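Structural overview for review
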Amino acid sequence: MTATTAAATFTVRRGQGTPAPALPPFGQFINGAFVPPCSAETADVENPATGEILMQVPSGSVEDVDAAVAAAVAAKADWAARTPKDRSSLLLRIADIMEANRALLEALEAANTGKPAAVAEDDISSAIDTFRFSAGAARTFSTPGAGDYAENHTSVILREPVGVVGVITPWNYPLLMAAWKIAPILAAGNTMVLKPSEQTPLTTLKLAELIASEVPAGVLNIVTGPGRIVGNRISEHPDVDLVAITGSVGSGQKVAAGAAGTVKRVHLELGGKAPVVIFDDADLAAAAKGVREAGYWNGGQECGAACRVLVHESVAEKFTELLVREVSEISVGAPGAGDDVEIGSMISGAHYERVLAALEDVRKDGLTIAVGGHALAGPGYFIEPTVVTNVPAGAPITSTEIFGPVVSVETFSTDEEAVTRANETVYGLAASVWTTNSARSLSVPRKLDFGTVWVNSHLVIANEMPWGGFKGSGYGRDLSVYALEDFSRTKHVMYNHG
Ligand code: NAD
């Protein structure tokens, strides 16, 4: 492949200044109210598009977690005894409250993450829909009918809540990832303790404030603080029956290890490095547009991002040209700079440095940066949308999750090679296949080791369908009725009628 490069110049568009976001109260949300934390330690929460400190939140302790778990234990019998109709009504009321406060939640999410208006709007819409879907699912979720499988004995399967569920969420979609857990966990009749990411706790705390008068005390508890203290205590706590984390592989491993001591169930939604396999018969313009959207959505800080292109060698040059043109047009900006801004800032100074270090490695490895590749002028942590080409099989960029606005392009010669190379990753979260050949569109997805495979699309998510990975991306499913299954347990009761 010859090197296609573009001398695009990116600048950070700044808004006219956004109104100060409505911040949540200070405190841990335990037993239905914001309460003072057990320790005086606090942590700054930053706006990564400006570097400004938005507020301080408690840097929680083991004692805070213990108080939250005690509240969840006390609330569990009553919440488990509610009918699906009751639980469903609560989830619908939460969705309505979020809808009524949509602008406030979008502005707060954008301020805490630096994401553009379009992404914040999509996050809040999807979060609202997760509550609505789970409200419906709560009422239709059932088990097989009773039957006789042993002589004179009738078997009945009861579907029960697990009990107290601990949840640990990441920073990339703070409220959406919280909604993906809160909605099915409460729908299935559990009570819970949730720890948001230290960087992005604000919308989760705000949601707690907005719905506090609706949710029975103790059913939902939020504790802010570091993963190694608060997250670790949730994982190890003897009264937590299941722990679910969305985060990196390393954090997932620590949570699973912490959970092993009490043999609690574990639900892991971890990292990804999604291959985008483009065959010679693909609609190349559609594929390039697809990668523009799905590779750079949320600044590429997305576990299913279309970040690793594998394109057939005969169309690689044409595709790369189209992709470079698409990416050169991406608009970078701060929240408030307009609805057409496509990518915002990285989440933090530390993450910005990590992404820039990955770009340095790309240069050291002798790969071509076809467009982008640099930091953008501050304030805030902005990086140019970047395409890396001339990437040989096995180069580090093909397997490392950069989690930034960086897409790499490799080539392949045969279908078999495409499948083998796409599967050569520790991750197994998502992949896409681009082809107009119907036989390929049927056969290739079956050979790919990923929990979601799109055909001629990437990163389209529906609340009715499961989301989750294989291999290093973890196990357990978010969304769909499979999430309700994961957050409940089956009990067999057998009646002797002989
Ligand atoms: P992270 O692993 O650094 O943090 C995630 C959460 O885990 C945070 O709340 C953190 O405080 C907590 N944590 C850290 N160490 C812990 C420990 N020892 N015990 C318990 N909790 C601990 O991840 P991040 O940087 O916030 O998010 C980015 C990662 O999340 C990426 O790898 C991304 O792919 C992944 N992610 C996956 C999905 C998915 O659906 N599979 C969705 C979003 C993000």
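Residues numbered from 1 in each chain as written. Predicted model: local features only at pLDDT ≥ 70, side-chain atom pairs only at ≥ 80, totals over all residues. Heavy atoms only, no water.

In the region of the ligand, 29 residues are neighbours, and Trp-171, Glu-198, Ser-248, Ser-251 and Glu-401 sit closest. Thr-169 has a polar backbone atom sitting 2.7 Å from an oxygen atom of the ligand. When the free accessible area of the ligand is taken as 850 Å², the share hidden by the protein chains comes to 90%. Secondary-structure elements contributing two or more residues to the shell around the ligand are helix H7 (227-236), strand S11 (242-246) and helix H8 (249-260). Of the residues assigned to the shell around the ligand, the class counts are 12 nonpolar, 12 polar and 5 charged. (Near = heavy atom within 4 Å. Polar contact = N/O pair within 3.5 Å; in protein donor to acceptor, adjacent residues only side chain to side chain. Areas by Shrake-Rupley, 256 points an atom, 1.4 Å probe, with all protein chains shown as cover. Helix = DSSP H or I, 4+ residues; strand = E, 2+ residues; numbered from the N terminus. Nonpolar A, V, L, I, M, F, W, Y, C, P; charged D, E, K, R; others polar.)

Following both chains from N to C, one finds helix H2 (residues 84-100) and helix H5 (residues 174-187) inclined at 160°, their axes separated by 9 Å at the closest point. If you check the angle between H2 and H5, you find them roughly antiparallel. Seen from above, H2 lies across H5 with right-handed handedness. Between H2, through Arg-87, Leu-90, Leu-91 and Met-98, and H5, the contact on the second element is made entirely by Leu-175, Ala-183, Leu-186 and Ala-187. Per-class residue counts for the contact of H2 with H5 are 7 nonpolar, no polar and 1 charged. (Axes fitted to C-alpha atoms, helices over the stretch in contact; angles between N-to-C directions. Parallel < 35°, antiparallel > 145°, perpendicular 65-115°, else oblique. Left-handed = near helix turned anticlockwise from the far one by under 90°. Contact = heavy atoms within 4.5 Å.)

In this section: the pattern of salt bridges. One pass over the full model with this rule turns up 29 salt bridges. Taking the shortest distance from any N to any O, the salt bridge between Arg-440 and Asp-281 comes out at 2.3 Å. Within this pair, whereas Arg-440 is found in helix H13 (residues 438-447), its partner Asp-281 is found in the loop between strand S13 (275-278) and helix H9 (284-296), the two being separated by 159 residues in sequence. Residues joined by salt bridges that share partners form a network here, namely Asp-96, Glu-99, Arg-102, Glu-106, Glu-121 and Arg-132. (Salt bridge = Lys/Arg side-chain N within 4 Å of Asp/Glu carboxyl O.)

Here we take up the side chain of Ser-88. Mapped onto the fold, Ser-88 is located in helix H2. Note on Ser-88: relative accessible area 4%, which makes it buried. Those residues in contact with Ser-88, other than ones at most four positions away along the chain, are Ala-135, Gly-136, Ala-138 and Arg-139. (Buried < 20%, exposed > 50% of the residue type's maximum accessible area, 1.4 Å probe, protein only.)

To describe two helices that pack against each other, one gives the angle between their axes and the distance between the axes. Remark: H2 packs on helix H6 (residues 202-211), axes separated minimally by 10 Å, with the N-to-C direction vectors making an angle of 115°. When the axis of H2 is compared with that of H6, the two are roughly perpendicular. In the packing of H2 onto H6, the handedness of the crossing is right-handed. Between H2 and H6, the residues in contact are Ile-94, Ile-97 and Met-98 and Leu-207, Leu-210 and Ile-211, respectively. Within the contact of H2 with H6, the residues separate by chemical class into 6 nonpolar, no polar and no charged.

One pass over the structure, following the stated rule, counts 6 aromatic pairs. When the centroid spacing of 5.2 Å and the interplanar angle of 55° are considered together, the rings of Phe-29 and Phe-34 count as tilted. Arranged with centres 5.6 Å apart and planes meeting at 75°, the rings of Phe-279 and Phe-412 form a pair that is edge-to-face. Note that Phe-279 is positioned in the loop between S13 and H9 and Phe-412 in strand S18 (residues 406-412), a separation of 133 residues in sequence. (Phe/Tyr/Trp six-rings, centres within 6.5 Å; stacked < 30°, edge-to-face > 60°.)

Further remarks concern the nonpolar core. Ranked by size, the top nonpolar core spans 101 residues in total, and within it Phe-131, Ile-278 and Phe-319 carry the most contacts. Take this core: its biggest share by element is 11 residues, from H5. Each of domain 1 (28-270 + 473-494) and domain 2 (272-462) accounts for three or more of the residues forming this core. Setting aside residues no more than four positions away along its own chain, Ile-278 makes contact with Leu-284, Ala-287, Val-309, Leu-310, Val-311, His-312, Phe-319, Phe-412 and Trp-434. If you look at the next biggest cluster of nonpolar residues, it comprises 20 residues, including Ala-72, Ile-168, Ala-259 and Val-266. (Core = buried A, V, L, I, M, F, W, Y, C linked by side-chain atoms within 4.5 Å. Domains from an automatic or database assignment.)

Turning next to helix H1 (residues 62-81). Taking 1.5 Å as the rise per residue, H1 with 20 residues should run 28 Å; its terminal C-alpha atoms sit 29 Å apart, in good agreement. Largest kink in H1: about 45°, centred on Ala-75. Every buried residue of H1 is listed here: Asp-64, Val-65, Ala-68, Val-69, Ala-71, Ala-72, Ala-75 and Trp-79. (Expected span 1.5 Å × (residues − 1). Bend = angle between axes of the 7 residues up to and from the residue.)

A separate point is the domain arrangement of the protein chain. Once the domains are mapped, the protein chain shows domain 1 (28-270 + 473-494) and domain 2 (272-462). Once you take the C-alpha centre of each, domain 1 and domain 2 turn out to be 30 Å apart. If you look at the interface, domain 1 gives 26 residues, while domain 2 gives 30 residues. Here domain 1 and domain 2 share 0 salt bridges between them. Run the count over domain 1 and domain 2 and you get 9 residue pairs in polar contact (both at pLDDT 80 or more). Listed by contribution, the elements that provide at least two residues to the side of domain 1 that touches domain 2 are helix H3 (102-113) and helix H4 (117-140).

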